[in-house]
Amino acid sequence: MINYLEINNFKSHKKTTLDIANLTILCGSNSVGKSSAFQPLLLLREAFINKTNFEYLDLLSNPVKIGTIQDALYQYSHNDEISFQIKTDKEDYRFSFELENNDYTKTLINRKSNSIVNDINLNESLFNENFQYISSSRIGPQDSYKKDDVMVEKFKQMSLNEGNAEFCIHYLFKNQSKKVIDDLISNNSTQKELIHQVTAWEKEISSGVNVLIKDSGKLGFELKYQYDTRIGSNKTNEFSAVNVGFGLTYTLPVIVAILSSSPGGLLIIENPEAHLHPRGISKLTELICLAAQAGIQIIIETHSDHIINGILVQSKLFEETKKGIDKSKVIIYQFERDEDHHCSDAKKVVVEEGGRISFAPEGFFDQSSIDTDFLFDL
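Novice: With reference to specific residues and values, describe the nonpolar core.
Specialist: One finds L23 and L184 to be the most contacted residues of the largest nonpolar core, which totals 63 residues. With sequence-adjacent residues up to four places away left out, L23 is seen in contact with I288, C289, A292, I298, I300, I311, I325, K329, V330 and I331. Core analysis: the next-biggest nonpolar cluster, separate from the first, contains 44 residues, A37, L99, I120 and L266 among them.

Put into structure tokens, the structure is as follows:
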């Protein structure tokens, strides 16, 4: 499990240091460095998978497309070197890459000549198959979904390009009988198979819904939904994903990634709250917290105060019932822009007893209070 990340001279990060917990939340306004805080992990993972021995970073890699060295290098750097440090439970990895021949237009950056990379521990989830990246640009409802046996069966991944989760339906179909760990079993179902638990958690978003997948051969997979009803056969017709609420399908990769993971796994998820009603966000946050408490490491970028409030609720619930998440396993960062150096500044927001936050930086989900004060002339 990763417990520390340091980023130097990468994009908006002059020098950013982050403690990483079971559940790490990245917040802040737009364009302050939240996504670029976890992009080094994606670049390094891709370098490992491509067996380059970290001789270079591909800045146009499949999971994250940065562009050129000029795009990747912090603008006001005093040198032309990008470096990362990752500490895990077992290892301390250091990676350094530098510009060569003053060519900022290259789409790769080579490892620094005197830089040594420790042998990678294959038990690290960042470098093995117990990993998923789900981006904010994940695919929504489609008439059909692609299949890719290499990505799903060999690499056990839902995404190839930029965290799109384009093979989520294939992945769910292939792994539908996989047993979900006990900590994540929904109250809506005692059946432990992945497909049943995905349906059970989707019912928290849209009451009575059932998730159905059909293999259409070379055409890919069809995703359909059916609803429980008290009329006739107790089931509605099957509805195509494109004719059902967008949020159901958009949330599906997040739910599948969490439920198919196991302790020691690593998930990076952008905007899990997108297209969901507040109650749905609350239930999804509950699942996220249960997974993190069970030992699945989750890094989330969010713009939702419902996610934050949900975590605080689950933290207080753990104190009272031991169900939810221990506050010691949660770290929240508010990202801001340091205007003097035009770089990212990550401020830690501490969760305290009772699910309270005693000090919150300015701009930390305070717009609701600002609006309420205005409406009531406070």
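Novice: Explain the pattern of salt bridges residue by residue, including any values.
Specialist: Under the defined criterion, the tally for this structure stands at 19 salt bridges. The partner of E153 in a salt bridge is K174, and the shortest N-O contact between them spans 3.7 Å. Of this pair, E153 sits in helix 3 (residues 149-154) while K174 sits in helix 4 (residues 168-174); the two residues are 21 residues apart in sequence, bridging distant segments of the chain.

Novice: Which residues make up the layout of surface pockets, and what values go with them?
Specialist: Here the largest pocket is characterised by a volume of approximately 270 Å³. Lining the largest pocket are 15 residues; nearest its centre among them are E46, I49, M151, S159 and L160. Counting residues per element, the lining of the largest pocket draws most heavily on helix 1 (residues 34-49), which supplies four residues. Broken down by class, the residue content of the lining of the largest pocket amounts to eight nonpolar, five polar and two charged. Put simply, the second largest pocket is a space of about 230 Å³. What lines the second largest pocket is a set of 16 residues, and nearest its centre among them are E129, K156, Y171, K178 and S260.

Novice: Can you explain the sheet that holds strand 15 (residues 343-349)? Please cite residues and give values.
Specialist: A sheet is described by the order of its strands in space; here six strands give the open sequence 8-12-13-3-14-15, paired in mixed fashion. Every interior strand has two partners, whereas the edge strands, strand 8 (131-134) and strand 15, have only one. Taking each pair of neighbouring strands and ignoring which way they run, the sheet shows an average axis angle of 15°. Two strands pair when backbone bridges link them, and strand 8 and strand 12 (residues 266-270) are joined in this way by four bridges, in the parallel orientation. In the strand pairing of strand 12, I134 is matched with I269. Helix 7 (residues 278-293) contacts strand 3 (23-28) and strand 13 (297-301) of the sheet and is inclined by roughly 145° relative to strand 13.

Novice: Could you give me a rundown of the pairing of strand 5 (residues 81-88), with the residues and numbers involved?
Specialist: Of all eight residues that make up strand 5, seven are buried, and the element is covered over most of its length. As paired elements, strand 1 (residues 2-10) and strand 5 share six bridges and run antiparallel to each other. Opposite Y4, over in strand 5, you have K87 as the bridge partner. Note that strand 5 and strand 6 (residues 92-98) share seven bridges and pair antiparallel. Bridge pairing links E81 to E98 in strand 6. In this structure, the hairpin formed by strand 5 and strand 6 is closed by a connection of three residues.

Definitions and cut-offs
Residues numbered from 1 in each chain as written. Predicted model: local features only at pLDDT ≥ 70, side-chain atom pairs only at ≥ 80, totals over all residues. Heavy atoms only, no water. Core = buried A, V, L, I, M, F, W, Y, C linked by side-chain atoms within 4.5 Å. Buried < 20%, exposed > 50% of the residue type's maximum accessible area, 1.4 Å probe, protein only. Contact = heavy atoms within 4.5 Å. Salt bridge = Lys/Arg side-chain N within 4 Å of Asp/Glu carboxyl O. Helix = DSSP H or I, 4+ residues; strand = E, 2+ residues; numbered from the N terminus. 1 Å grid on protein atoms, 1.4 Å probe; cavity = no way out; pocket = protein on both sides within 12 Å on 5 of 7 lines; lining within 4 Å. Points joined across faces, edges and corners; volume = space filled by probe spheres on them. Nonpolar A, V, L, I, M, F, W, Y, C, P; charged D, E, K, R; others polar. Pairing = 2+ DSSP bridges. Axes fitted to C-alpha atoms, helices over the stretch in contact; angles between N-to-C directions.

All we've got here are geometric facts, nothing functional implied.
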